[in-house]
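Listed below are the residues making up each chain.
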Amino acid sequence: MNRLQKMLAGMILGKDTTRALSLTEPKYWRDDTFSESAPSDPDAASALSLSAVWACVNLIAGTIASLPLMIYRTGSDGQRELAKDHPLYRVLHDSPNSLQTALDFWEFIEASVELWGNGYARKVKSSGRVVSLVPIMPQLPQVRSIGNGRLGYRWTEDGESYDLTSDDVLHIRGFGGNPKGGMSTLAFASRTFGIGLDLDRTARKTFQNGLRPSGVLTFDKFLTTEQRDALEQRLVEKFMGSMNSGRPMILEGGTKWEALTINPDDAQMLESRGFSVEEIARFFGVPPFMIGHTEKSTSWGTGLEQQTLGFVKFTLRRRLKRIEQALEKQLLTAEDRAAGIVLEFALEGLLRGDSNGRATFYQSGLQNGWMTINEVRQLENLPPVDGGNVPRMQSQNVPITQAPADPALPAPQE
């Protein structure tokens, strides 16, 4: 049955049979609709075969998924406390469903957003509360407006058809702002990804089938067939292999050795591959050095530190805010909002592997009074100490008239 026949069968049966694809299928990440409509354009599977695309998606999705997603309750006095007793805390922070950890789930959702522009999950409810979130392959749902400020989602998965509304589907949109969905990076970066794939294919064929000797031997006279065969066999036996690398070669009878270097065409191809990496990193908003491309930058210095800080401020922050607002809008009830429930990623999780960064962060909090000793100890998984709940701050910058008197100095004369 060809694709047209499948589409006609789906229209007759009232369901979309062209999108029936299981989560367990080997072609899980392959967008057949996109690749068949434009055979020269990359689908998700081929795009992820590019190391730069894989590294960018892995970096962004992995970093966001590793951050703790916290739920806070804000009191009437404006103070916030961790709401571990809230039903959503276990779902969002610990385990969204029976098969995934929170890191697995959020890595899948963010990878979907980065490639397709949308991340979907089916809400499983009990007594009106969300008790589980089941991920949906991002290329499956067909989104439509059904009025009353709601959207409809229709797809087929694992042989089961779904026709749900936005009340039962969590939808996190990527860049674009369209209520029906974000913009697909696969679609808008198809030319860049295609160029990268073409360069990889060219390089593979060049080094697979091309002639790449390290040098040539030249003779004053023509060799006979026997002499040529004997020389080639001798060279292979004595000089090929890593164990024979650097072994001296004896030349006589006017024989000359000329080393071969890479030709300009190959050099230009390698340069183009490097430029392709930079183009891909630009699409995802990732500094090239963070995915191992350090040709035009050093691996040390404050310049890269500022680039890393910029990555957190300008790439991660809006993605985190997008997820936070989507969760608050689509998962919290009216009672939750009235109770001051808010959801927030803890960016302090990025300091977990940075001892100096954590020390500076804690020092600033303790010296300026916006953290207590026990709060710091709790973050470091240490038990509280007596008196550790009292905020303290240094007082060296006080007015000179309020400076404590030194008993060793004479009292000022009236």
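As a reminder, the structure under discussion sits directly above these lines.
Novice: Got a minute to help me understand the side chain of S184 in this structure?
Specialist: Inspection of the secondary structure assignment puts S184 in the loop between β8 (169-173) and α7 (185-188). Relative accessible area serves as the criterion here: at 18%, S184 is assigned to the buried category. S184 has contacts with L115, W116 and G117, leaving out every residue within four places of it along the chain.

Novice: Mind showing me how you'd approach the sheet that holds β8 here?
Specialist: By definition, the strands of a sheet pair up through backbone hydrogen bonds, in either a parallel or an antiparallel sense. In space, the three strands of this open sheet follow the order β4-β3-β8, with antiparallel pairing throughout. The strands lining the two open edges of the sheet, one partner per strand, are β4 (129-136) and β8. Recorded for the sheet is a direction-independent mean angle of 30° between the axes of neighbouring strands. Bridging between strand β3 (residues 118-126) and β8 involves five bridges; their strand directions are antiparallel. Pairing of A121 across the sheet is with L170, part of β8. Against the sheet, helix α6 (residues 102-116) touches β3, β4 and β8, its axis set at about 140° to β3.

Novice: Please clarify how the packing of helix α4 (residues 51-66) against α6 should be interpreted in this entry.
Specialist: The description of two helices packed together rests on the angle between their axes and the distance between the axes. Contact geometry of α4 with α6 gives a least axis separation of 8 Å together with a crossing angle of 135°. In this view, α4 runs oblique relative to α6, as classed from their interaxial angle. Note that α4 runs across α6; the crossing there is right-handed. Contacts between α4 and α6 involve V53, V57, N58, I60, A61, G62, I64, A65 and S66 from the first element and L103, W106, E107, E110, A111, E114 and L115 from the second.

Novice: How do you make sense of the sheet that holds strand β6 (residues 150-157) when you look at a structure like this?
Specialist: Across the sheet, three strands lie side by side as β5-β6-β7; this open sheet has antiparallel pairing. Both outer strands of the open sheet, β5 (142-147) and β7 (160-165), are each paired with one neighbouring strand and no more. Across the sheet, the axes of successive neighbouring strands diverge by a mean angle of 20°, strand direction being ignored. Inspection of the sheet shows β5 paired to β6 by five bridges, in the antiparallel sense. Residue pairing across strands places S145 opposite L151, the latter belonging to β6.

Novice: Is there a simple way to think about the packing of aromatic side chains in this case?
Specialist: Geometrically, a pair of aromatic rings is defined through the distance of the ring centres and the angle of the planes. All chains considered together, the criterion is met by seven aromatic pairs. Taking the centre distance of 5.0 Å and the plane angle of 80° together, the rings of F105 and W106 count as edge-to-face. Grouping residues by exposure puts F105 and W106 together as buried. Taking 6.5 Å as the distance between ring centres and 80° as the angle between the ring planes, the aromatic pair formed by W106 and F345 counts as edge-to-face.

Novice: Can you walk me through the pairing of strand β11 (residues 341-345) in this structure?
Specialist: Along any regular strand, the residues point their side chains to alternate faces of the sheet. Of the two faces of β11, only the one carrying I341, L343 and F345 is buried; V342 and E344 on the other face are not. As judged from the five bridges shared by strand β1 (residues 69-74) and β11, these two strands associate in the antiparallel manner. Each bridged residue has a counterpart across the sheet, and for R73 the counterpart in β11 is I341.

Novice: How should I be thinking about the nonpolar core in this particular structure?
Specialist: Within the largest apolar cluster, 59 residues are counted, with the highest numbers of intra-cluster contacts made by V53, L92, W106, L133, F193, F284 and L327. Those residues in contact with W106, other than ones at most four positions away along the chain, are A65, L69, L92, I172, I323 and L327. By size, the runner-up hydrophobic cluster in this structure holds nine residues, among which are Y120, I136, M137 and L140.

Novice: What exactly am I supposed to notice about the side chain of D336 here?
Specialist: Mapped onto the fold, D336 is located in helix α12 (residues 334-338). Among the residues examined, D336 registers a relative accessible area of 4% and is labelled buried. Looking at D336, its side chain comes within polar contact range of the side chain of H86, at 3.0 Å. In contact with D336, not counting residues within four places along its chain, are H86, R129 and I341.

Conventions used here
- Along every chain, residues carry numbers that run from 1 in the direction the sequence is written.
- Local features are withheld for residues below a pLDDT of 70 in this predicted model, meaning they are given only at 70 or higher, and side-chain atom pairs are given and counted only at 80 or more; totals for whole chains, interfaces and linings count all residues.
- The side-chain values count all of the structure's non-hydrogen atoms but skip hydrogen atoms and water molecules.
- The helix and strand labels rest on DSSP assignments: H or I over at least four residues marks a helix, E over at least two residues marks a strand, and numbering proceeds from the N terminus.
- Burial classes: relative accessible area under 20% of the type maximum marks a residue as buried, over 50% as exposed, and values in between as partly exposed (1.4 Å probe, protein chains only).
- In this analysis, two residues are considered to be in contact whenever any of their non-hydrogen atoms come within 4.5 Å of each other.
- For two strands to pair, DSSP has to find at least two bridges joining them.
- Axes here refer to lines fitted to C-alpha atoms; in helices the fit is confined to the stretch in contact. Angles between the N-to-C directions go from 0 to 180 degrees.
- Under this scheme an angle from 65 to 115 degrees is roughly perpendicular, one under 35 degrees roughly parallel, and one over 145 degrees roughly antiparallel; angles in between are oblique.
- Should the near helix be turned anticlockwise from the far one by less than a right angle, the crossing is left-handed, and should it be turned clockwise, the crossing is right-handed.
- The pairing test for Phe, Tyr and Trp rings, Trp by its six-membered ring, is centres within 6.5 Å, and the orientation test on the planes gives stacked under 30 degrees, edge-to-face over 60, and tilted for anything in between.
- The criterion is simple. A nonpolar core is a set of buried Ala, Val, Leu, Ile, Met, Phe, Trp, Tyr and Cys residues joined through side-chain atoms within 4.5 Å.
- By the criterion applied in these results, polar contacts are pairs of N or O atoms within 3.5 Å in which, for protein atoms, one can donate a hydrogen and the other can accept it, and in which residues neighboring in sequence qualify only through two side-chain atoms.

By themselves these figures say nothing about function.
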